[in-house]
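# Summary of structural features
One letter stands for each residue in the lines below.
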Amino acid sequence: MASTIRVRATSSGETTEVQALIQHPMDSGYVKDARGELIPPHFIQQLTFEYDGKSVFVADWGPAVSKDPYVKFSFKGGKKGDDLKIGWIDNKGASDTTTAKIQ
Amino acid sequence: MKNVMRASIISLSSALLIASAISTLAAGSEADFKAAYSAAEAANKEAGALRNQWTVTAAALADAKKAADAGNFDEAVASSKEAEALAKASIFQATSEKEAWKALEIR
Amino acid sequence: MRSAIHFASAALALAVLAFAAVPPVAADAPDPVADAKAFQKYFAQKFPKLKLQDFVNGPYSMNEDMHRQWEEKEQFPPYEFSLDMGKEMFSKPFKNGKSYADCFPNQGIGIRQNYPYFDEKEGKVVTLELALNRCRETNGEAPFSYVKDEMAALTAYMAFTSRGKPFDIKIPADPRALEAYQNGKRYFYTRRGQLNFSCATCHVQSPGERIRAEVLAPALGILNAMPIYRSEWSGMGTISRRFATCNSQIRGVPLNPQDDEYRDLEYYLSYVSNGLPISGPGARP
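Residues numbered from 1 in each chain as written. Chains lettered and ligands numbered in written order. Predicted model: local features only at pLDDT ≥ 70, side-chain atom pairs only at ≥ 80, totals over all residues.

### Section: the confidence of the model for chain C
Residue and element names in this part refer to chain C.
- Of all residues in chain C, 90% have pLDDT values of 70 or greater, and the mean over the chain is 91.
- Across residues 20-27, where pLDDT falls below 50, the model places seven contacts with residues more than four positions away in sequence or in other chains.
- Interface confidence for the predicted complex, given as ipTM, is 0.84, next to a pTM of 0.84. (pLDDT = per-residue confidence, 0-100. Contact = placed C-beta atoms within 7 Å.)

### Here we look at unusual backbone geometry
All names here are of chain C.
- Put simply, tyrosine 115 and proline 116 share a cis peptide bond, and its omega is 0 degrees.
- Relative to the elements of secondary structure, proline 116 occurs in the loop between helix 4 (80-91) and strand 1 (117-119).
- Note the cis peptide between glycine 280 and proline 281, where omega equals -10 degrees.
- Positionally, proline 281 belongs in the loop between helix 10 (260-271) and strand 7 (282-284). (Helix = DSSP H or I, 4+ residues; strand = E, 2+ residues; numbered from the N terminus.)

### Quick word on the environment of Ala36(B)
Residues and elements named next belong to chain B.
- Within the secondary structure, alanine 36 sits in helix 2 (residues 30-49).
- We classify alanine 36 as buried; it has 22 C-beta atoms within 10 Å.
- For the pair alanine 36 and alanine 64, spaced 28 residues apart in the sequence, the C-alpha separation amounts to 9.6 Å. (Buried ≥ 20, exposed ≤ 12 C-beta atoms within 10 Å, placed from the backbone.)

### Observations regarding the packing of helix 2 of chain B against helix 4 (residues 73-100) of chain B
All names here are of chain B.
- Where helix 2 contacts helix 4, the two axes come as close as 8 Å, and the packing angle between them is 20 degrees. Here helix 2 lies roughly parallel to helix 4, going by the angle between them. As for how helix 2 packs across helix 4, the hand of that crossing is left-handed. On the side of helix 2, the interface is formed by Glu30, Asp32, Phe33, Ala36, Tyr37, Ala39, Ala40, Ala43, Asn44, Glu46 and Ala47, while helix 4 contributes Phe73, Ala76, Val77, Ser80, Lys81, Ala83, Glu84, Ala87, Lys88, Ser90, Ile91 and Ala94.
- Taken together, the residues that form the contact of helix 2 with helix 4 break down as 14 nonpolar, three polar and six charged. (Axes fitted to C-alpha atoms, helices over the stretch in contact; angles between N-to-C directions. Parallel < 35°, antiparallel > 145°, perpendicular 65-115°, else oblique. Left-handed = near helix turned anticlockwise from the far one by under 90°. Nonpolar A, V, L, I, M, F, W, Y, C, P; charged D, E, K, R; others polar.)

### Regarding the pairing of strand 2 (residues 15-22) of chain A
Residue and element names in this part refer to chain A.
- Relative to strand 2, strand 1 (residues 5-11) runs antiparallel, the two being bridged by seven bridges. The partner of isoleucine 5 across the bridge, within strand 2, is isoleucine 22.
- In this structure, the hairpin formed by strand 1 and strand 2 is closed by a connection of three residues, where glycine 13 is found at a positive phi of approximately 100 degrees.
- Summarising the sheet, strand 2 and strand 5 (residues 70-76) pair through seven bridges and their orientation is antiparallel. The residue bridging glutamine 19 from the neighbouring strand is lysine 72, located in strand 5. (Pairing = 2+ DSSP bridges.)

### Overview of the sheet that holds strand 5 (residues 228-230) of chain C
All names here are of chain C.
- Within the open sheet, the three strands sit side by side as 6-5-7. Their pairing is mixed. The open sheet has two free edges, formed respectively by strand 6 (235-237) and strand 7, since each of these has just one partner strand. Within the sheet, the average angular offset between the axes of one strand and its neighbour, ignoring direction, is 35 degrees.
- As paired strands, strand 5 and strand 6 are joined by three bridges and run antiparallel to one another. Counted as the bridge partner of isoleucine 228 is glycine 237 from strand 6.

### Observations regarding the interface of chain B and chain C
- Taken together, the contact between chain B and chain C spans 14 residues of the former and 20 residues of the latter.
- Considering every element that reaches the side of chain B that touches chain C, the biggest residue donor is helix 3 (residues 55-69) of chain B, with three residues.
- Its residues assigned to classes, the side of chain B that touches chain C comprises six nonpolar, four polar and four charged.

### Looking at helix 4 of chain C
- Between its terminal C-alpha atoms helix 4 of chain C stretches 17 Å, which fits the 16 Å expected from twelve residues at 1.5 Å a residue.
- Its buried side turned inward, helix 4 of chain C meets helix 6 (149-160), strand 5 and strand 6 of chain C. (Expected span 1.5 Å × (residues − 1).)

### Considering the sheet that holds strand 7 (residues 95-101) of chain A
Residues and elements named next belong to chain A.
- Taken in spatial order, the four strands make up an open sheet running 4-3-6-7, and their pairing is antiparallel. Looking at the sheet topology across the chains shown, the edges are occupied by strand 4 (54-60) and strand 7. For this sheet, the mean inter-axis angle between neighbouring strands, taken without regard to orientation, is 15 degrees.
- In the sheet, strand 3 (residues 44-51) pairs with strand 6 (residues 83-90) via seven bridges, with the strands oriented antiparallel. Directly across from phenylalanine 49, in strand 6, lies its bridge partner isoleucine 86.

### Brief notes about the environment of Tyr157(C)
Residues and elements named next belong to chain C.
- By secondary structure assignment, the location of tyrosine 157 is in helix 6.
- Exposure remark for tyrosine 157: the 26 C-beta atoms within 10 Å place this residue in the buried category.
- Here the alpha-carbon distance between tyrosine 157 and alanine 283, two residues 126 residues apart in the chain, equals 14 Å.
- Here tyrosine 157 is in contact with Leu83, Gly86, Lys87 and Phe90, once residues within four sequence places are set aside.

### A short note on helix 3 of chain B
Residue and element names in this part refer to chain B.
- Between its first and last C-alpha atoms helix 3 spans 21 Å; for 15 residues at 1.5 Å apiece the expected length is 21 Å, and the two agree.
- Among all positions of helix 3, only Val56, Thr57, Ala60, Leu61, Ala64, Ala67 and Ala68 are buried. What you see down the axis of helix 3 is that its buried residues fit within an arc of 145 degrees, all on one side. For helix 3, exposure combined with an orientation more than 90 degrees from the buried face picks out Ala62 and Asp69.
- Contacts made by the buried residues of helix 3 are with helix 2 and helix 4.
- Backbone geometry just downstream of helix 3 places glycine 71 in the positive-phi region, at approximately 80 degrees. (Arc of directions from axis to C-beta.)

Right, dumping it as structure tokens:
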């Protein structure tokens, strides 16, 4: 199955800008379906970006984040051609990871 | 003869007064609801033929039915009459817009 | 900048040519060529800083802040998942071995700008969504809902293969085609719903202004970016979905997807945007 994580990381020498789009329903648990029943909560709880063995961005998420979340941030350092590792875990224990090359 | 007539007139009018008083009290009867509801439905159907029904008309009809199911016929009649008024307004809108739309057209 | 001007004048020239192809009509009959000219002129005058092709971005072209949001969104568009799904779906054969490519000219690639068209055999307007479902049914597959994700994915892919191509809607010399066009125009300007709005009330009278928190899009080019990922819906929406929700938002009961009125409306709106480039799939607030 295709990865749920789309990522683009661009280094400008001193800093690296990262954008990521993640495919996930992010159900809050407060929304009802067409039959009036609550859709159970199903959301990413932790999202991590790692560079050179260290975490450069860690997000602890809850039900307030919407479907197919988009993240954009910058971190100091990061060289062209190096790997950036991204992973998420959700409240059901599912997870996905991917590795992208910094451009 | 006159006294007899007067008496019968008086008794007839009292009877009529009493009768109308009773019918006012029974304004929220099931029969009244059925009549009001079918009038509203007919108007909404006409609006449908003109391809111009309003969502609020459907909501008022649903409210009317819900109230009637609960035995609350006063409310049911009121909702039906509102639905009919909304449906009639939507018919008026569709009819007048047949020409009025031209005023908005970019030329 | 110069190339953009060249593009704009080329697009305009194409637009003029496209309009010139419509045969002359009687004085009291509708004149789509004149309509479209007036339509485009109206919006050009209302937004003199915009180039013709800018109108396809809808609310994002209406002010600087919105434009900045659009530029950011374009870097990582939320419709990407749907587009990928659409490409996969489009190339997967039906159970009988045939595929969508067999139903469309040029294998279905780069043709979105020709829809809707007037089918003279049927005597009705055929939209892309309708053509896709007919293709499915002809080949023994169940039709998709016009408002849900599968239809959005397919039309997203087909729009994508036509990106940049100008709308090229034709009105053949058939009085029924002219009538369909006129029906669509009439629908567009007719007030409906308890709120008594017509499409024109928002998209002709008030583009760039707000309705509640939303910035309104101009009617010119309003279909060029379809289908769209709409943040409000947290998902994709087709032309059918948008027409239905516009109706219910003004408290009018929506018609059924692909009812005659909607098909004719799409015909009209697409025709008056002839010359503007297809930009779908798109993203909206």
